[in-house]
Amino acid sequence: MSEKTKACAGPCKRTLAYSAFNKNATRPDGLQRFCRECQAAQKATWAEENREKTREYDRERGHIRNRFMELDHSAIVPSLTNPRKHFDQAFLEELAASIRDQGIAQPILVRPLPGSRLQETYTDRRADAPRPTHEIIAGEQRWRACAMAGLRKLPALVRPMSDAEVLQLQLVENLKRRDLHPMEEAEGYDTLRDTTGLTAEGIAERIGKGRSYVYKTMQLLQLLPEAREAFYEGKLTRSTAELVAARPHTIQLQVLKDITATDFHGEPMSYRKAKAHVDDRYMLKLGAAPFKITDETLMPQAGSCRTCPKRSGANPELFDDVPHADTCTDPECFSSKKEAHYARVRAEAEARGQSVITGREAKEIMPDSSTLRGYTRVDDTQALGGQMKTLRKVLGKDMPATTLIEDPRTHEMVEALPTATASKLLKDHGITKSAPQEAAQLDEATAKHQGAEKLEKTWRQQAIAKVHAAATEEGNNGISGPVVRLLALLVLDGLMAEQQRHVAAILELGKVAARDALENHIKTVDEGEIEAVLFLLLAEHDMRQLLDQSGKPAPAPHIEALAADLSIDLEALRTAAKKEIRDAISSQRVDEAAKAVKSAAKPATGKPARPPKVSKEEATAAIAAQLQAVENPNQFEPGQRVRLKTDLRKGDNVFNTRGVEAEVLHAIGDRAWMVQPESPSFPLSADYTEMEAV
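Residues numbered from 1 in each chain as written. Predicted model: local features only at pLDDT ≥ 70, side-chain atom pairs only at ≥ 80, totals over all residues. Heavy atoms only, no water.

1. Some thoughts on the packing of aromatic side chains
Centre distance and the angle of the planes are the two values used to describe a pair of aromatic rings.
Part 1 of the argument: Counted according to the given criterion, the structure contains one aromatic pair.
Part 2 of the argument: When the ring centre of Trp-459 is taken as origin, the NZ or CZ atom of Arg-574, which lies over that ring, is 4.2 Å away. (Phe/Tyr/Trp six-rings, centres within 6.5 Å; stacked < 30°, edge-to-face > 60°. Lys NZ or Arg CZ within 6 Å of the ring centre and 35° of its normal.)

2. Things to note about unusual backbone geometry
Part 1 of the argument: Positive phi, close to 60 degrees, is recorded for Lys-13, a residue that is not glycine.
Part 2 of the argument: Note that Lys-13 resides in the loop between strand S1 (5-7) and strand S2 (15-17).
Part 3 of the argument: For Lys-13, a relative accessible area of 59% corresponds to the exposed category.
Part 4 of the argument: Although it is not a glycine, Ser-567 adopts a positive phi angle of roughly 60 degrees.
Part 5 of the argument: Since its relative accessible area comes to 69%, Ser-567 is described here as exposed. (Helix = DSSP H or I, 4+ residues; strand = E, 2+ residues; numbered from the N terminus. Buried < 20%, exposed > 50% of the residue type's maximum accessible area, 1.4 Å probe, protein only.)

3. A word on the sheet that holds strand S14 (residues 403-406)
Part 1 of the argument: Judged by pairing direction, the sheet is mixed, and its four strands sit side by side in the order S10-S14-S15-S11 without closing on themselves. Across the chains shown, the open sheet's two edge strands, defined by having one partner strand only, are strand S10 (355-357) and strand S11 (375-377). Averaged over all neighbouring strand pairs, the angle between strand axes comes to 40 degrees, with direction disregarded.
Part 2 of the argument: Bridge analysis of S10 against S14 gives three bridges, and the strand direction is parallel. In the sheet register, Ile-357 faces S14, and the bridge partner there is Ile-405.
Part 3 of the argument: Along the sheet face, helix H17 (residues 419-428) touches S11 and strand S15 (413-418) and points at about 60 degrees away from the line of S15. (Pairing = 2+ DSSP bridges. Axes fitted to C-alpha atoms, helices over the stretch in contact; angles between N-to-C directions. Contact = heavy atoms within 4.5 Å.)

4. Thoughts on the confidence of the model for the chain
Part 1 of the argument: Summary statistics for the chain give a mean pLDDT of 77 and a share of 82% for residues scoring 70 or more.
Part 2 of the argument: Within the chain, the lowest mean pLDDT, 51, falls on helix H25 (residues 590-595), and the highest, 90, falls on helix H10 (residues 225-232).
Part 3 of the argument: Low confidence marks residues 596-609, where pLDDT is under 50. Its contacts with residues over four positions away, or in another chain, come to ten contacts. (pLDDT = per-residue confidence, 0-100.)

5. Let's talk about the side chain of Thr-403
Part 1 of the argument: As for its placement among the helices and strands, Thr-403 is situated in strand S14.
Part 2 of the argument: Owing to a relative accessible area of 10%, Thr-403 belongs among the buried residues under this scheme.

Here it is in structure tokens:
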């Protein structure tokens, strides 16, 4: 069946199929009888003929669009889309004073009140009040200042505009003003996007700003109410606010707290410090993650890190200052994945029958992330058989099942072997970590140094015990319990593991996981006893350094201040400590003390001769030499040959240098020397107590 045809009434006069015509049945201009091509040509002809009429019409319309009027103040209402939401009261008062004296220099821009606001503006006024007729487009600050100045009428330029035109003009007009708050600017962009459907790229092109600038400004909308309030109060700058807004809501308040915390000058972090802080604490490199970042089964609700929107590479416009695309911006999710990974490793190890140590036992074995007590890491590089290797590589297939130890701080599962087992396996393989050697006899300077250190440790520990006893007896001096507990926790953080164990022993809290036991004790002890605990922790701070670099007793300001407050005789404690050490050495270590200052007599012939009997005077002299603090115990010189008494370290590596001879190169500070051992071939640093003259 053939398609119906129709004759065109236009210039072409062709007979065409119905599909060549528009479907509308009637048109007032008669163009329904024209084909589409003729319609377009006819419209162009009419447009050309009526061009002058169009220009005249536009001129008349423009006059209406920019009509100048004097309106009652009550006939004007503020715009709901004005990006400016906060007004400076002091500035308005200054502007009102200027209007009283000189009048309004520039009229405000208004439009006829849109129909969408008739109901709203009708219901919020008294029945006898005049109804508003116009809405402000630009100039709300002048309108407010006129009310403060008492003006009942003000000049206005009336321009009919659509909602989209008003919003765009308001935004562009306010962006030219320096005092527009970035938060208001971001809200204006958001309204412009919702009203006009523009994308961030379209907004950037429309207002003449960069795309990255618009992205970062609109990201400010992600600020939580607390962060927005801090931003308006001036606690955040635009740059630091962008740092906070880029963080997930789960950690945003913590980041806000960190950045707005004031220093001793009362100032919050600068942008540079805030950026470094956020990068260090909240920006995590996925390349260093212990788990596989593409594993979607580790945490199904989070999915793969590669496709996560919180990865910096997924939002390059927002994180254009982050050098690595694989950077996680959500530490909580990263931490949860780490814990899930370690839990999986632990479960798999237990399924294989592998030993796993966690909890308080792990804290005792691993007081910090770099220390293992009684265990050796199998993947740490160390000097084995004259080469730098890991224990796993040396033992190979002969390595037994390892023990997994959970790091108490990072929850990382560390593979290790008991040190005794590792040493036996190395010995079976003919590999030694250090050359067998008798324990080196201490020289006189070292003996004196250790004697002085022992004296300081003894009397200070006795003084600490006295302080605790006196403070417990005296009770609380009036400071509130919660404040004292906070102070005690703060002081506890400054103690090293050895001092924490000593305090736990005094309080009879046990030796395992002393840090946790002390923290729990501080939180739960009666208020009448908490001040005594605080005094005890303060006094223990003086146990961190017993001797200074010259070998002289280090100051003990905390013990001395507390002793003066609690009427404790420290001089009597020092004297008693000296007598205690002297008596102990006289009864148990006379031979050892004598050997520190006098060499044993060589045997003449035959069987070895007995060591000569030490007289009472010689023993007393040796004891005195051991207790006396020396002014300069460091007697080595450049070029001198020495024997190293221990394995030396360089960074995380330990070298087999026990018993190895070395040459002294030069001094490093007051205690250490740079030495060149026979092996390895590069120089190492050694404390003077780790060397002895050859």
